[in-house]
Amino acid sequence: MRGRILQAWRGGWSRGRGQATAAGAAQRREKPPWRVLFFGTDAFATEALRALQAARELGRGLLVDRLEVVTLQSQLPKGLPVQRYAEKLQLPVHLWPNIGPCEHFDVGVVASFGRLLSEDLILKFPYGVLNVHPSYLPRWRGPAPIIHTVLHGDTVTGVTIMQIRPKRFDVGPIVKQETFVVPACCSAKELESVLSKLGANMLISVLHNLPECLRNKREQPKEGATFAFTKCYFKAPKVTAAMSCIQWEEQTPDQILRMHRALGSMMPLQTLWMGTTVKLLDFVGVDAIPGLADRLATESVAIAGSVSYHKPSQTLVIRCKEGWVGVKALLLKKKLTAKDFYNGYMHPWFQQSSTRPSGECRFQSLKLTTAKKSPKGTTLCIHNV
């Protein structure tokens, strides 16, 4: 039986139709309305679900006439964003891996789901499973493409609607793809908002012409493939606290500001002050502060991590590789402004240590170690910018 299913799977792909032909799958419809099973978790996925629901309501189901949702278990009292939105709409919600029967759906749609779908599950959908992925594949395959787009300073990204294949993330054929120019100084949260809307519109466009879009799908190019995991040979953590640790000796102002825009909304950047972990909350480029950049140009010999207080702009100015960054607020036991930190910590230090070099008043790089055990034959590693 397993052999016949696998043969049907391979035959479906090789003929270019892109739909499963296994026994027990839903009877194939040739045109809308479609019966859709949606898999998703977060705010990005919620935008795609919102578009599907709007298509279901518009014109009394001319595009989508059945919509159910699969999401993950959550420790949050109200569940993940997709679950909350689906329940608000009174849509049927299934918690992975208990998804119920799938034979009466035409197509599956995945957005930010984070779980591999089995070959047997994919085969239950006559038109397979579509994935709304927020990058211009093959760049940034993996679970955190938007974060890595910002972290690495990409100027162009995009959204890809692709067809899922089993066993590996984001390697299936491209159904539809559009580019998007990343605005200067754009944060990951801001970029997610824009790309989620673009992806939702693209998904609806594909569903309007689903059979034709699948006939015209194309394989991903082999050149330019990158993975939004870490730079190691095997799968590594999605986003870790170690990624938020600033290395003052190794990272430039541009890298640190990109880290803040990529990670700051979910985890503040971290450093050490006199042996205590400090979270830096609000960064600013020193070029944006009038007169400061010229003054700092004469202090190029300062030690990495050295901190001074710029009173006119109420900014902490910290030395890093090849330059300086400004910080307006931080968290040390409680939230503090730069002025609060200077008055409560820096000024007393200078008073008590008047004979010590001012360079000793500095932040130190924080390096978190991971104690995770690696499965046999795999390597876990932390990505450093």
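What counts as what
- Along each chain, residues carry numbers from 1 onward, in the same order as the chain's sequence is written.
- Reporting in this predicted model follows two pLDDT cut-offs: at least 70 for local features of residues, and 80 or more for side-chain atom pairs to be given and counted; totals over whole chains, interfaces and linings ignore these cut-offs and use all residues.
- With hydrogens and water set aside, each side-chain value is computed from the structure's full complement of heavy atoms.
- Where helices and strands are cited, they refer to DSSP runs of H or I of at least four residues and of E of at least two residues respectively, numbered from the N terminus.
- Remark: exposure states derive from per-residue accessible area (1.4 Å probe, protein chains only) relative to the maximum for the residue type, with buried under 20%, exposed over 50%, and partly exposed in between.
- Contacts are assigned to residue pairs with any non-hydrogen atoms lying within 4.5 Å of each other.
- By the criterion applied in these results, polar contacts are pairs of N or O atoms within 3.5 Å in which, for protein atoms, one can donate a hydrogen and the other can accept it, and in which residues neighboring in sequence qualify only through two side-chain atoms.
- Whether two aromatic rings pair depends on their centres lying within 6.5 Å, for rings of Phe, Tyr and Trp, where Trp uses its six-membered ring; planes under 30 degrees apart make the pair stacked, over 60 edge-to-face, and the rest tilted.
- In this scheme, Lys NZ or Arg CZ marks a charge over a ring once it lies within 6 Å of the ring centre and within 35 degrees of the ring normal.
- Two strands qualify as a pair provided that DSSP identifies no fewer than 2 bridges between them.
- Geometry is summarised by axes, namely lines fitted to C-alpha atoms with helices restricted to the contacting stretch, and by angles between N-to-C directions that run from 0 to 180 degrees.
- Directions drawn from the helix axis to the C-beta atoms are what define this arc.
- The span you would expect from a helix comes to 1.5 Å times its residue count less one.

Trainee: Which parts of the structure should I look at to understand the overall build of the protein chain?
Mentor: The number of helices and strands found in the protein chain is 10 helices and 14 strands. When the 385 residues of the protein chain are sorted by exposure, 51% land in the buried category. Sequence-distant contacts in the protein chain: of pairs separated by 6 or more residues, those separated by 24 or more amount to 68%.

Trainee: Is there a simple way to think about the side chain of S135 in this case?
Mentor: Looking at the secondary structure, you find S135 in the loop between β5 (129-133) and α5 (145-151). On the basis of relative accessibility, which here comes to 0%, the residue S135 falls in the buried class. Only 3.3 Å separates the side chain of S135 from the backbone oxygen of W140, close enough to count as a polar contact. Leaving out residues up to four positions away in the same chain, S135 has contacts with W140, P145, T157, G158, V159 and T160.

Trainee: Mind showing me how you'd approach the packing of aromatic side chains here?
Mentor: For any pair of aromatic rings, the description consists of the separation of the ring centres together with the inter-plane angle of the planes. Applying the stated criterion across every chain yields a total of 10 aromatic pairs. Pairing F341 with Y345 gives two aromatic rings, centres 5.4 Å apart and planes at 20°, and the pair type is stacked. Within this pair, F341 and its partner Y345 are both found in helix α10 (residues 338-352), separated by four residues, close to a single helical turn. In this structure an aromatic cluster arises from ring pairing among W248, W273, F341, Y345 and F363. Positioned above the aromatic ring of Y85, the side-chain terminus of R50 is 4.8 Å from the ring centre. The residue whose ring lies beneath R66 is F105, and the NZ or CZ to ring-centre distance is 5.1 Å.

Trainee: So what exactly am I meant to see when it comes to the side chain of E47 here?
Mentor: By secondary structure assignment, the location of E47 is in helix α2 (residues 43-57). With near-sequence residues (within four places) excluded, E47 lies in contact with S196, K197 and A200.

Trainee: Even after reading the chapter, I still don't get the pairing of β5, so can you show me in this structure?
Mentor: Both faces of the sheet carry side chains from a regular strand, because those side chains alternate between them. β5 sits mainly inside the fold: five of its five residues count as buried. Neither face of β5 is left uncovered, since the one carrying V129, N131 and H133 and the one carrying L130 and V132 both have all their residues buried. Here three bridges tie strand β4 (residues 107-111) to β5, and the two strands are oriented parallel to one another. In the strand pairing of β5, V109 is matched with L130. As judged from the four bridges shared by β5 and strand β6 (residues 156-163), these two strands associate in the antiparallel manner. Its bridge partner lying in β6, L130 is registered against Q163.

Trainee: Would you explain the sheet that holds strand β1 (residues 34-40) in this entry?
Mentor: The strand order β3-β2-β1-β4-β5-β6-β7 describes an open sheet built from seven strands, whose pairing is mixed. Whereas interior strands pair on both sides, the edge strands pair on one side only; in this sheet they are β3 (93-95) and β7 (174-181). Taken over all neighbouring pairs, the strand axes of this sheet differ in orientation by 20° on average, direction set aside. The pairing of β1 with strand β2 (residues 64-71) spans six bridges and is parallel. Bridge pairing in β2 links F39 to V70. Contacts from α2 reach β1, β2, β4 and β5 within the one sheet, and its direction differs from that of β2 by about 160°.

Trainee: Help me understand helix α3 (residues 81-88) in this model?
Mentor: An α-helical segment advances 3.6 residues per turn. Residues three or four places apart therefore align on the same side. For α3, the complete set of buried residues consists of V82, Q83, Y85 and A86. Seen from one end, α3 has its buried residues packed into an arc of 165°, which puts them on one side. A positive phi of about 60° marks Q90, the residue just after α3.

Trainee: Help me understand α2 in this model?
Mentor: Helix length check: α2, at 15 residues, gives a terminal C-alpha distance of 21 Å against a target of 21 Å (1.5 Å per residue), a fit within 8%. The complete set of buried residues in α2 reads F44, A45, T46, E47, A48, L49, A51, L52, Q53 and A55. The opening residue of α2 is D42, an N-cap whose side-chain oxygen sits 3.2 Å from the backbone nitrogen of F44. The positive-phi residue at the C-terminal boundary of α2 is G59, with phi of around 65°.

Just distances and angles here, no functional claims.
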